[in-house]
Protein chains: 2
Amino acid sequence: MAEKRIRITRDQVLAAAIGLADTDGIEGLTMRKLGRAIGVEAMSLYHHVANKDRLLDAMTDLVFAEIDLPTDTDWRTCMRTRAYSVRAVMGRHPWALRLVGSRTSPGLATVAHHDAVLGVLRRDGFSVALAAHAFSVLDAFIYGFAVQEQSLPFDTEEPPTELAQEILSQFPTDQFPHLAEMTARYLEDNEYNYAQEFTYGLDLILDGLERALAVGGPTYTPERGARE
Amino acid sequence: MAEKRIRITRDQVLAAAIGLADTDGIEGLTMRKLGRAIGVEAMSLYHHVANKDRLLDAMTDLVFAEIDLPTDTDWRTCMRTRAYSVRAVMGRHPWALRLVGSRTSPGLATVAHHDAVLGVLRRDGFSVALAAHAFSVLDAFIYGFAVQEQSLPFDTEEPPTELAQEILSQFPTDQFPHLAEMTARYLEDNEYNYAQEFTYGLDLILDGLERALAVGGPTYTPERGARE
DNA sequence: CTTGTAAACTTACGTTGTAAGAGTCTGACT
DNA sequence: AGTCAGACTCTTACAACGTAAGTTTACAAG
């Protein structure tokens, strides 16, 4: 009768939690389901995780650890690959986007990641202030874009389908002429996909930063911010 | 014995829901508490709102209606005041930020707002494609910044306090040198507040758009995007 | 006064996170 | 080999949640 009891580890719990959130969404992640997924009762999880909130914190940190950040090239390509990596990771774990917004205490991988980003900028001649500026704009844009993209009713990688058209044209055309004009243009252009807006915005910001860097200069490092 | 029954309206429900979310946070908003707040049983709310999800949708739309969007000036100041207004509104209703990310079907005020933004851009010479670009970058940045700002552990309007210092220096200085350097700089500069990063990023983006607009020109309107 | 209907209330169910405590396995030390 | 402590799992239980189903109330029209 003595059914061998299963022993689990913290890493197992986290991995299973992420997997469950990936397939069922974050609202589908319950302690009981998570326990069942690894063959254990819900309460057993609490020996590896303080509570559900801490579990979510740990999951968020693991997601950050997935982000690719090369440090062996110039800052611009570093930031670029990071941006694309963030977007890819958030695509894999859509729930993580909403978590990042609600967690207040960052994990170790998160902090390490941010430190590395700053490190690249500083190394390539950004003053402390300009590095702060750069980090702010880039992060805000990348994060904001990912959220925006996810709340769209269609797949952003593919050109718009008939289905998308139906969804998009559900609001009255004459009442919102500019929106109508824009969606019409989207639909007629088969090459268009929303994802290219990411590239556009990112390059716009990187251009701006490059200009700001040129003004401050890589050798002359002002004590205070590049502006004012 | 006949305690007079209270009659409520949909608007009352929504207003109370927003008030409750403002004070208790979105997770503190429950149907029972909401009912109690307006002197009614929880189930009575369902005569004015289909379910909690719809309630949240309606709340989100009301928040969008609060955003100030002047249309009687040039696009740049329009976008600027809009940006500041979004930030202010999201400061008043922190929960709305997370809702926007999870709602997929926008309300009427939301759609109208977006249409008005596009209208301003088109009026001032943006091609359809460039207007789409502008809208994407700006919205992503504004939204992303607001989220970023909220997940920071300190008040972004005030210069850093002792408390903030304690929080910020909780991670090992030697392990994350660049982060340490940056927070050190923050703390020594009494004028600094994180809010100015919003201005910096916004201006950087607006500058970029202005340049793109100048290239395309207000008269010559290319069929396809300004880039490629 | 009757009666129809909109809107309130009551009760109930399944699901959630997790507190409390009891049971069981394992590995270290005699 | 024996045992004992500590780490881990399981059982039971509870309060709070969203909401389905059905009942009661009160006002407005005839």
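So, how was this worked out
Residues numbered from 1 in each chain as written. Chains lettered and ligands numbered in written order. Predicted model: local features only at pLDDT ≥ 70, side-chain atom pairs only at ≥ 80, totals over all residues. Heavy atoms only, no water. Contact = heavy atoms within 4.5 Å. Buried area = accessible area lost by both parts, 1.4 Å probe. Salt bridge = Lys/Arg side-chain N within 4 Å of Asp/Glu carboxyl O. Polar contact = N/O pair within 3.5 Å; in protein donor to acceptor, adjacent residues only side chain to side chain. Helix = DSSP H or I, 4+ residues; strand = E, 2+ residues; numbered from the N terminus. Expected span 1.5 Å × (residues − 1). Buried < 20%, exposed > 50% of the residue type's maximum accessible area, 1.4 Å probe, protein only. Near = heavy atom within 4 Å.

Q: Go over the interface of chain A and chain B, please, and point to the residues and values.
A: Residue-level contacts link 55 residues of chain A with 56 residues of chain B. In this assembly, chain A packs against chain B so that about 5100 Å² is buried in total across both faces, 64% of it on carbon and sulfur atoms. Linking E181(B) and R122(A) is a salt bridge whose minimum nitrogen-to-oxygen distance equals 2.7 Å. Our enumeration of links across chain A and chain B arrives at 10 residue pairs in polar contact (both at pLDDT 80 or more). Counting residues per element, the side of chain A that touches chain B draws most heavily on helix α7 (residues 128-150) of chain A, at 15 residues.

Q: Please provide a residue-by-residue account of helix α6 (residues 108-123) of chain A, values included.
A: For α6(A), built from 16 residues, the straight-helix expectation of 22 Å at 1.5 Å per residue is met to within 8% by its first-to-last C-alpha distance of 22 Å. Residues T110(A), V111(A), H113(A), H114(A), D115(A), V117(A), L118(A), G119(A), V120(A) and L121(A) constitute the buried set of α6(A). In this fold, the buried residues of α6(A) make contact with α3 (52-66), α4 (75-92) and α7 of chain A together with α9 (177-188) of chain B.

Q: Let's hear about the protein's contact with DNA strand C: which residues, and what values?
A: Neighbouring DNA strand C are 21 residues; R32(A), Y46(A), K52(A), I6(B) and E41(B) lie closest to it. Among all atoms of DNA strand C positioned within 4 Å of the protein, those belonging to sugar or phosphate total 56%. In the model, a phosphate oxygen of DNA strand C is placed 3.0 Å from a nitrogen or oxygen of the M31(A) main chain. The separation between a phosphate oxygen of DNA strand C and a polar side-chain atom of S44(B) is 2.8 Å.

Q: Outline the pattern of salt bridges, supporting the account with residue identities and numerical values.
A: Within this structure, the stated rule accounts for 26 salt bridges over all chains. Of the charged contacts in the structure, one is a salt bridge between D24(A) and K33(A), with a shortest N-O distance of 3.4 Å. The class for D24(A) is partly exposed, based on a relative accessible area of 35%. On the basis of relative accessible area, K33(A) is assigned to the partly exposed category, the value being 31%. A salt bridge links D139(B) to R82(B); its shortest N-O distance comes to 2.5 Å. Of this pair, D139(B) sits in helix α7 (residues 128-151) while R82(B) is found in helix α4 (residues 75-92), placing the two residues 57 residues apart along the sequence. Here D139(B) falls in the buried class, since its relative accessible area comes to 16%.

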